Structure formats: structure tokens, C-alpha cells
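As a plain string of letters, each chain reads:
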Amino acid sequence: MATWRMGTSRPADDTTSRSNPELSHRVRSLVFLPAVSAVTRPAVSANGLVPSLEICGLHKSFGPLEVLKGVDLKVAHSELVFVLGPSGSGKSTMLRCCNRLEEPDFGEIFIEGDLITGRGVNLNAIRQRIGMVFQAFNLYPHLSARKNVTLALRKVRGMRWDESNAHAMEALDQVGLADKAESYPSELSGGQQQRVAIARALALEPQVMLFDEPTSALDPELVGDVLEVMRNMKAAGMTMLVVSHEMNFAREAADRVIFMDQGQIVEQGLPAEVFGFPRHERTRAFLSRVKGM
Ligand SMILES: Nc1ncnc2c1ncn2[C@@H]1O[C@H](COP(=O)(O)OP(=O)(O)OP(=O)(O)O)[C@@H](O)[C@H]1O
Ligand SMILES: [Mg+2]
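Residues numbered from 1 in each chain as written. Chains lettered and ligands numbered in written order. Predicted model: local features only at pLDDT ≥ 70, side-chain atom pairs only at ≥ 80, totals over all residues. Heavy atoms only, no water.

1. Some points on the overall build of the protein chain
(1) Moving on: Along its length, the protein chain carries eleven helices and ten strands.
(2) Moving on: The buried share of the protein chain, reckoned over its 293 residues, is 55%.
(3) Moving on: When the accessible surface of the protein chain is split by element, carbon and sulfur atoms take 52% of a total near 12,900 Å². (Helix = DSSP H or I, 4+ residues; strand = E, 2+ residues; numbered from the N terminus. Buried < 20%, exposed > 50% of the residue type's maximum accessible area, 1.4 Å probe, protein only. Areas by Shrake-Rupley, 256 points an atom, 1.4 Å probe, with all protein chains shown as cover.)

2. Looking at the sheet that holds strand β9 (residues 256-261)
(1) Moving on: Overall, mixed pairing links the six strands, which are arranged β6-β7-β8-β3-β9-β10 in an open sheet. Edge positions in the open sheet fall to β6 (130-133) and β10 (264-269), since each of these has one partner strand only. In this sheet, adjacent strand axes meet at a mean angle of 20° when their direction is disregarded.
(2) Moving on: Where strand β3 (residues 80-84) and β9 come together, four bridges link them in parallel fashion. (Pairing = 2+ DSSP bridges. Axes fitted to C-alpha atoms, helices over the stretch in contact; angles between N-to-C directions.)

3. Side note on the site of ligand 1
(1) Moving on: Around ligand 1, the surrounding shell consists of Phe62, Leu65, Val67, Pro86, Ser87, Gly88, Ser89, Gly90, Lys91, Ser92, Thr93 and Glu213.
(2) Moving on: For ligand 1, an oxygen atom lies 2.8 Å from a polar atom in the backbone of Gly88.
(3) Moving on: Taking Gly90, its main chain carries an N or O atom lying 3.0 Å from an oxygen atom of ligand 1.
(4) Moving on: Protein contacts shield 59% of the accessible area of ligand 1, which totals 640 Å² for the unbound molecule.
(5) Moving on: Among the secondary structure elements, those contributing two or more residues to the shell around ligand 1 are β2 (65-75) and α3 (91-98). (Near = heavy atom within 4 Å. Polar contact = N/O pair within 3.5 Å; in protein donor to acceptor, adjacent residues only side chain to side chain.)

Below, the structure written as C-alpha cells:
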């Protein structure tokens, strides 16, 4: 079924796969390179590899409100970049531009060096390559967990029923919900529903996963299971851009933390640097507000 990317596009120092080979195999079996027609350019990063995701000079306004004022960001293969910032700073808009739920006004976005902004790009193909998980799970209430996943596979990837079914079961197994495949959303906890939504995105075998506050709607006791699934995805080598307020998760799982304010990336660095020694006054003010809550 899938074309394996392993070994061809991952950094040589990727040791995560060796730490949990079985999980890695299961998640990597869903990492796939679909055929996409797009403009390609050599977008080589400092370490000589093409970034999985590259955002260049991204601008977006809603009427007179300038929400993104020139965002530049590169996310390397298998990197987990954690984004935080005050409400209204443009975090969701940035993510939504990455899978073309919003149209950028200016700027370019590349996936594995392929331009995905501009005219003539196949939106269906983009949404296979970039999975997105939202705060609201957006599951169809009249469909079982399995059918929520197979529907996406049939619509987006044009899979036959039997093929989509096997794929869906594999994805549900990865998020620990194979035994809930026939349950309807109303029969699942919020955390389980969010894991179905993650399975639905994973089943499309994306190259990059975007998360927009995936645990914000959950009761505290349900947050852990969703974060565990995200940790497993990270361990298996998925490239992830995560907007969240789960600072402990960021400290432990993120490769890099980005602080956004007023439509710009103000500061970025290792989690220990940004949380422990924020350089910018706006970052310090935000972190002290968050800690005080
Ligand atoms: N479709 C839209 N039409 C008009 N304004 C919008 C639209 N989407 C977002 N905005 C505005 O753009 C600004 C940035 O919104 P965005 O959702 O990106 O912020 P955010 O950083 O994700 O905030 P939060 O932490 O509250 O989720 C806000 O002022 C918001 O009201
Ligand atoms: Mg938001």
C-alpha cells in the first residue's frame, strides 16, 4: 500500500525509531508519499535537508485587521515545534493557512520542497500531505469511529471500501481504539473522540501533522491519553506543529518552542531556553500570566 519514506528522508541522527521499533513500524507504515503536482524548489535548510514544512513571509489580513505580519518558519523532518502565544496572536490562522483553510495574502508555504500555495494546487492532495487536528473533534455523530475514518479515506484518497476499512482499523489501533471501532461518538469520551479524529488524520498518511489546541476542550483527566498518542507519533518520526497550552508536554516532547505575538514570531528556542530564560519582554509577560493562572 504505502511507499516507505523511511531511510530516504529522515535525518541520519534519528534515533527515535530504534527506541520503540514496533510502534515506529506501525506509525511509519502510515507515512506515505502521495503523488502531487506542485512547483518544487530546492529549499535546503542549514543541515542540508529540505524542511518538511517551510513558511516564507506569510501575511494574512481579515479586512483591516492584519493578523499575520510576515511569518517565517522551517520545521525539519521529525521535529515537534510547539507554538504558544496570547489569544488573537494568529496561531490558528497560521495553521489554517498551512492546509489552505485560509488563503494567505502573501507568502509561500512548501511541503517537502513542494509549493502548496498559489493557484492550480490540488487541495485534496495538500490535505493528504498535511493532517490537521482541531480543538473540536468534528466527527460525524451518525457514523461509528471506524466509518468516520473510512469516509475520509474514501473521499480524500478514493479508496475502495475493503481497503479503507483495513487502513481505518490500523489507524484506530495506533491510537489505542481498535476495540471502540464500532462505537458512535456519543458513546466515546472526549479524549477518545479526539483520538478518533487523530486516527482519521493519520490514516491519510500525512507528512506533517498540525494540532490546534487538541486538548483544550477535554476534562483534565482525559488530556493524558491524547498527549500520549502525540508522544507516540513524535517517537515514530512524525513532523508536528502543535499549538497548545500544555507547557509540561512542550518541556518534555518539543524540539523547539515558538512564541507568537501580534502576528509575528517574537522568540524561539529550546523549551528550556524559552521557558527558563525568555529573552523578549513580551514572552516574559505572557509566561508570567500563564503561570499565574
Ligand atoms: N475568518 C475570520 N474573519 C475575521 N477575523 C478573523 C477570522 N479568523 C480569525 N480572525 C481574527 O484574527 C485574529 C487571530 O485569530 P487566531 O484565531 O489566528 O488567533 P489565535 O492566536 O489562534 O487565538 P486563540 O489563542 O484565542 O485561539 C483574531 O483577532 C481573530 O478575531
Ligand atoms: Mg487559536
